[in-house]
Amino acid sequence: MLVWFPSAGAQGSGDAAGRTAVIEISAALRGRDFAQAEELAKTALEAHPDDYRLWTLRGMASAGLGNQRSALSHYEHALKLAPAYLPALEGAAQTAFQLHDASARPALVKVLAQRPDDPTSNAMLAVLDARERNCDDAVPQFQKAGLVIASQWEALTEYGMCLSLLQRTEEAVGPFADALALDPARPDARYNLGLAQWNAHQAEEALKTLQPLLEATSPNADALVLAADIHESRDESAQAVDLLRKAILADPKDVDAYLQFAMLSYDHASPQVGIDILNAGLTQLPKEPRLYLVRGILLTQLGEFGQAASDFEAANSIDPQLHFLRAAQGVVQSQQHDAPKAIGSFRAAVKAHPEEAYAHCLLAEALQGEGQPEGSPEFKEEIREAERALQLEPRMVAAHDLLGALYIEYGHTQEAIENSRAALAIDPSDQQAVYHLILALRKTGDKNELPGLVKKLMELQRDAKSKAPAAKKFRLYEVSDQPTKDR
């Protein structure tokens, strides 16, 4: 909590008796004799009921006694008499902030209009903006706050949150580290720092930060799931699996642990293990639509399209707004070679979630499979959907690859080159983009790059083959451990 007493601005206009009262009350406040200050203010106001200085000082006395609502009322009365009186504005802003009262924001704005670089007011307004996720405004305010937030856990945490939301991941590490230093025993502070370090590509530091949470008598489920993600990114799948099992045991109702375990199973071509874990999760969370959705995806990997469709329908009945649901249904229908039905599902997904790049890309891919002639409505729709996917997610390699293939097929060589280069700028190991670029450059007659590209394609294929056995070194097998029903 940001605790601060504004200056009283004691010497102002008024008659001699009023000035004397202001001086006496101010002296009591400086001596932290808040009861005496309040009594003096009450007596003085009986004689001078329209003196905004006395109402402000009475607000300070009430605040010192812990009577925040009374203090705010006194400050507001002072501001009715003198709307721009800075000590009353500062007191009202501070008190309203502590009370989570909506009047804090307008009061702070008025203070900053007079004192734009005031660190305390900037700190409080930054916290308010951060709570509303108005991070573009909050971050510069936090920066103006300086040392005021150095001892404020909440402010440091909100600062780190905003930097993370703005994708300024490396900068977010500092505020979260400072917040943890203030209270190293706080699990949420430790988790926040670990996550920030992981987002900033500091995997080793993140694991060290999380270690106390992983080794605790009652391990932190969120930390276990995060650590599992870090280990899996380092190809340490055995550790990831162990941590996810511990996370499920630590919190049998943690949906993220089930989902991550299932996707890890998918990545390692072990769908049945993921399905078994999801089955266990659904005994704990029978109304969780994401568990049905992901189980349906795993069932498609086993070729169980009918059961997959039932899971998608179950997810839809629980939450019709679940993202990618209709897109997932389209995947099943595509694999069942029911292309018109698949395209219909993808179109429905795009309509339901027009801002989801993945849904637009899936629709474009489904339309591509129909092989419609150039200039047809379906062809134009295919191009439009792929381009829309890239507008929403410029780093979507699949959309660039799709456009590259289309443009090569229909002789638009320059567009094919542009999309292939864009895909390779994002993923230099994209074999499809390398191949498309080779084909397109051959059509232009520009052979300078071809030897290097052909060599790169051969190397990528060789790497893929050499890594194929390694990808199967670790497969997931069912064990007897099952999550308990009660935590």
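Residues numbered from 1 in each chain as written. Predicted model: local features only at pLDDT ≥ 70, side-chain atom pairs only at ≥ 80, totals over all residues. Heavy atoms only, no water.

Student: Any chance you could explain the pattern of salt bridges here in plain terms?
Tutor: A side chain of one charge can pair with a side chain of the opposite charge if their charged atoms are brought near each other. Tallied over the entire structure, the rule returns 18 salt bridges. Here Glu154 makes a salt bridge to Arg131, at a shortest N to O gap of 2.6 Å. Of the two residues, Glu154 sits in helix H9 (residues 153-165) while Arg131 sits in helix H7 (residues 119-131), which places them 23 residues apart along the sequence. Judged by relative accessible area, Glu154 falls into the partly exposed class, the value being 28%. Among the ionic pairs, Arg290 bridges to Glu288, the shortest N-O distance being 2.9 Å. Taken together, the shared-partner salt bridges in this structure form one network comprising Glu90, Arg115 and Asp118. (Salt bridge = Lys/Arg side-chain N within 4 Å of Asp/Glu carboxyl O. Helix = DSSP H or I, 4+ residues; strand = E, 2+ residues; numbered from the N terminus. Buried < 20%, exposed > 50% of the residue type's maximum accessible area, 1.4 Å probe, protein only.)

Student: Just to check I follow, could you spell out the packing of aromatic side chains for this structure?
Tutor: For any pair of aromatic rings, the description rests on two quantities: the centre-to-centre distance and the angle between the ring planes. Counted under the stated rule, the structure contains three aromatic pairs. On the numbers, 4.9 Å between centres and 25 degrees between planes, the contact of Phe142 with Tyr159 is stacked. Of the two residues, Phe142 is situated in helix H8 (residues 135-145) and Tyr159 in helix H9; the sequence distance between them amounts to 17 residues. For the residue pair Phe142 and Tyr159, the accessibility class agrees, reading buried in each case. The ring of Trp153 carries Arg186 above its face, with NZ or CZ at 3.6 Å from the centroid. (Phe/Tyr/Trp six-rings, centres within 6.5 Å; stacked < 30°, edge-to-face > 60°. Lys NZ or Arg CZ within 6 Å of the ring centre and 35° of its normal.)

Student: I keep staring at the confidence of the model for the protein and nothing clicks. Help me out?
Tutor: When pLDDT drops low, the exact placement of atoms in the prediction is not to be read closely. Here the protein averages 82 in pLDDT, while 84% of its residues score no lower than 70. When mean pLDDT is compared element by element in the protein, helix H12 (residues 203-214) scores highest at 95, while helix H19 (residues 325-335) scores lowest at 49. Low pLDDT (under 50) marks residues 1-13, which in the prediction has 43 contacts with non-local residues, meaning those over four places away or in another chain. The low-confidence segment residues 323-327, where pLDDT is below 50, has 19 contacts with residues more than four positions distant or belonging to other chains. (pLDDT = per-residue confidence, 0-100. Contact = heavy atoms within 4.5 Å.)

Student: Is there a simple way to think about unusual backbone geometry in this case?
Tutor: Backbone geometry at His100 places phi at a positive 55 degrees, although glycine is not the residue there. Take His100: it is sitting in the loop between helix H5 (86-98) and helix H6 (104-114). In this model, Gln167 sits at a positive phi of 65 degrees, which is unusual for a non-glycine residue. Inspection of the secondary structure puts Gln167 in the loop between H9 and helix H10 (169-182). Its relative accessible area of 62% is what places Gln167 among the exposed residues.

Student: In this structure, what is going on with helix H2 (residues 34-47)? I would like to understand it.
Tutor: Three- or four-residue spacings in an α-helix give side chains the same orientation, since the helix completes a turn every 3.6 residues. Taking 1.5 Å per residue as the helical rise, H2 with its 14 residues ought to reach 20 Å, and the 20 Å between its terminal C-alpha atoms agrees with that figure. Of all the positions in H2, only Phe34, Ala37, Glu38, Ala41, Ala44 and Leu45 are classed as buried. Looking straight down H2, one finds that the buried residues subtend no more than 135 degrees of arc, so they occupy a single side. Those residues of H2 that are exposed and angled more than 90 degrees off the buried face are Thr43, Glu46 and Ala47. (Expected span 1.5 Å × (residues − 1). Arc of directions from axis to C-beta.)

Student: What is the right way to read the state of the cysteines from this model?
Tutor: Each disulfide is one covalent bond, formed between the sulfur atoms of two cysteines. Summed over all chains, the structure comprises one disulfide. With a sulfur-sulfur separation of 2.2 Å, Cys135 is cross-linked through a disulfide to Cys162. When the S-S torsion is -75 degrees, as for the bridge of Cys135 with Cys162, the disulfide is left-handed. In this pair, Cys135 is assigned in helix H8 and Cys162 in helix H9, connecting sequence segments 27 residues apart. (Disulfide = S-S within 2.5 Å.)

Student: Please clarify how H12 should be interpreted in this entry.
Tutor: Between its first and last C-alpha atoms H12 spans 15 Å; for twelve residues at 1.5 Å apiece the expected length is 16 Å, and the two agree. Each element contacted by the buried residues of H12 is listed here: H10, helix H11 (187-199) and helix H13 (221-233).

Student: Would you explain the environment of Lys443 in this entry?
Tutor: Its place among the elements puts Lys443 in helix H25 (residues 431-444). Judged by relative accessible area, which is 51%, Lys443 ranks as exposed. Sequence-wise, Lys443 and Ile408 are 35 residues apart; in three dimensions their C-alpha atoms are separated by 9.3 Å. When neighbours within four sequence positions are excluded, Lys443 is seen to be in contact with Ile408 and Thr413.

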